[in-house]
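Survey of secondary and tertiary structure
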Amino acid sequence: MDIETTVRQRRSIRIFKPEPVPKEVIRQILEEARWSPSWGNTQPWELYVVTGEVLERFKRMNRQKCLDGEPHTSEITMPEFTMPEAWLEILKKRYADVGKSVLASLSIAREDADARNQYYGEMFNLFGAPCMILVCLGKSLKIEYAMLDVGLMMQTICLLAHAKGLGTCILAASVRYPKLLREILPIPEDHLVVIGTAMGYPDWGSPVNNFERKRAGLEEFVTWVS
Ligand SMILES: Cc1cc2nc3c(=O)[nH]c(=O)nc-3n(C[C@H](O)[C@H](O)[C@H](O)COP(=O)(O)O)c2cc1C
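Residues numbered from 1 in each chain as written. Predicted model: local features only at pLDDT ≥ 70, side-chain atom pairs only at ≥ 80, totals over all residues. Heavy atoms only, no water.

**Considerations on the overall build of the chain**
Rules: Secondary structure counts use DSSP, requiring at least four H or I residues in a row for a helix and at least two E residues in a row for a strand, with both numbered from the N terminus. As defined in this context, the radius of gyration uses C-alpha atoms, and a globule is described by 2.2 Å times the residue total to the power 0.38. Exposure categories follow from relative accessible area, calculated using a 1.4 Å probe and restricted to protein chains: below 20% of the type maximum is buried, above 50% is exposed, and the middle band is partly exposed. Residue contacts are defined here by distance: any two heavy atoms, one from each residue, within 4.5 Å place the two residues in contact.
Each helix and strand in the chain was counted, giving 7 helices and 4 strands. The order of α-helices and β-strands along the chain, N terminus first, is α-α-β-α-α-α-β-α-β-α-β. Computed over C-alpha atoms, the radius of gyration of the chain comes to 18 Å, within 12% of the 17 Å expected from 2.2 N^0.38 for 226 residues, which places it in the range of a compact globule. In terms of overall dimensions, the chain has a C-alpha envelope of 55 × 45 × 40 Å along the principal axes. Scored against the burial criterion, the 226 residues of the chain give a buried share of 40%. Counted over contacts in the chain with a minimum sequence separation of 6, partners at least 24 positions apart contribute 83%.

**Comments concerning the site of the ligand**
Quick reminder of the rule: Nearness is judged by heavy atoms alone; a residue qualifies as near a molecule or strand once a single heavy atom is within 4 Å of it. Within 3.5 Å is the distance limit for a polar contact, defined as a pair of N or O atoms, with the added protein rule that one can donate a hydrogen and the other accept it, and that residues adjacent in sequence qualify only through two side-chain atoms. When residue character is reported, Ala, Val, Leu, Ile, Met, Phe, Trp, Tyr, Cys and Pro are called nonpolar, Asp, Glu, Lys and Arg charged, and the others, Gly included, polar.
Near the ligand there are 14 residues, and of these Ser 12, Arg 14, Ala 172, Arg 213 and Arg 215 occur at the shortest range. A distance of 2.6 Å separates an oxygen atom of the ligand from a polar side-chain atom of Ser 12. One of the backbone N or O atoms of Ala 173 is found 3.1 Å from an oxygen atom in the ligand. In terms of residue count, the dominant contributor to the shell around the ligand is strand β3 (residues 167-171) (3 residues). Across the shell around the ligand, the residue classes tally to 8 nonpolar, 1 polar and 5 charged.

**Examining the environment of Ile 133**
With respect to the helices and strands, the residue Ile 133 is situated in strand β2 (residues 131-138). Between the alpha carbons of Ile 133 and Thr 51 there is a distance of 8.9 Å; along the sequence they are 82 residues apart.

**Side note on unusual backbone geometry**
Within the chain, Gln 43 stands out as a residue other than glycine whose phi angle is a positive 50°. Residue classification places Gln 43 among the partly exposed positions, given a relative accessible area of 35%. For Leu 126, which is not a glycine, the phi torsion comes out positive at approximately 55°. Structurally, Leu 126 is set in the loop between α5 (113-124) and β2.

**Here we look at the packing of helix α3 (residues 52-67) against α5**
As a reminder, the rule being used: Fitted lines through C-alpha atoms give the axes, limited to the stretch in contact for helices. The angle between two N-to-C directions lies from 0 to 180 degrees. For a crossing to be left-handed, the near helix must be turned anticlockwise from the far one by less than a right angle; the clockwise case is right-handed.
Where α3 contacts α5, the axes come no closer than 8 Å and their chain directions differ by 150°. As for the relative orientation of α3 and α5, their crossing is right-handed in sense. Residues Lys 59, Asn 62, Arg 63, Cys 66 and Leu 67 of α3 pack against Asn 117, Gln 118, Tyr 120, Gly 121, Glu 122 and Phe 124 of α5. Looking at the contact of α3 with α5, its residues break down into 4 nonpolar, 4 polar and 3 charged.

**Topic: the packing of aromatic side chains**
For any pair of aromatic rings, geometry is given as the distance between the ring centres together with the angle between the planes. Note the cut-off: When the centres of two rings from Phe, Tyr and Trp lie within 6.5 Å, Trp using its six-membered ring, the rings pair. Their planes under 30 degrees apart give stacked, over 60 give edge-to-face, and anything left gives tilted. Remark: a charge is flagged as sitting over a ring if the NZ atom of Lys or the CZ atom of Arg is within 6 Å of the ring centre and within 35 degrees of the ring normal.
Following the criterion strictly, the structure yields 4 aromatic pairs and no others. Judged by centre distance (5.9 Å) and plane angle (35°), the ring pair of Tyr 119 and Phe 127 falls under tilted. Of the two residues, Tyr 119 and Phe 127, both sit in the buried class. Ring geometry for Phe 124 and Tyr 177: centres 5.8 Å apart, planes at 45°, overall tilted. In this pair, Phe 124 is assigned in helix α5 and Tyr 177 in the loop between β3 and α7 (178-184), connecting sequence segments 53 residues apart. Looking at Phe 124, the relative accessible area reads 5%, which means it is buried. Three or more aromatic residues joined by ring pairs form one cluster here, namely Tyr 119, Tyr 120 and Phe 127. Stacked on the ring of Phe 211, the Lys or Arg Arg 11 has its end atom at 4.9 Å from the ring centre.

Right under this line is the structure:
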């Protein structure tokens, strides 16, 4: 698959088939992804590949906490769309739009709180993915800057996975209850839980994996100077 096709076709997958991903395939993806760039070639990322019964336990507990409405305790600052800054309006709209597209594709009405909650539960269940790649960072790092490196690594993993017929979804929902992750993974105290990505074989039959996605045109974010 050429790079343009890979970039254009990759999309967040929100229903996975239960089939496990062979360890060798995950290993190949990570072998290639380790060539991602990072500041000063520091390669600050620490990855955990979580599968099998450990992941199933995490998904069950994570889903339950979501359904119980337990307050989030993320270890990195996440955006709150209640912030008053005017510049966030367009971002808020895009955020709301993707939420609407997801729910509409599943025929979930916005006012159907039960169905929405079940859907959020599924999100915290990592959409049924059989594999999660979790990224942590040492607390001593300049976190804002190291986040650039994490983003590059995650995108590279997602693109490589797509090119191998796998699907991914980078998931804030995977790190809202980091204590759960600390119970099941050997994450050192001096490390931060940053972000997880669900990985598995996409259920292409589901409309949630097929709705039309939107992007801003270049005129909205590019300034050409010569
Ligand atoms: C840092 C980050 C966190 C995300 N968290 C979630 C999440 O918790 N739930 C979800 O459904 N999608 C999540 N996404 C996926 C985005 O919604 C998705 O990338 C965006 O809508 C663009 O769509 P695409 O990936 O299909 O191109 C996340 C993406 C990123 C980069």
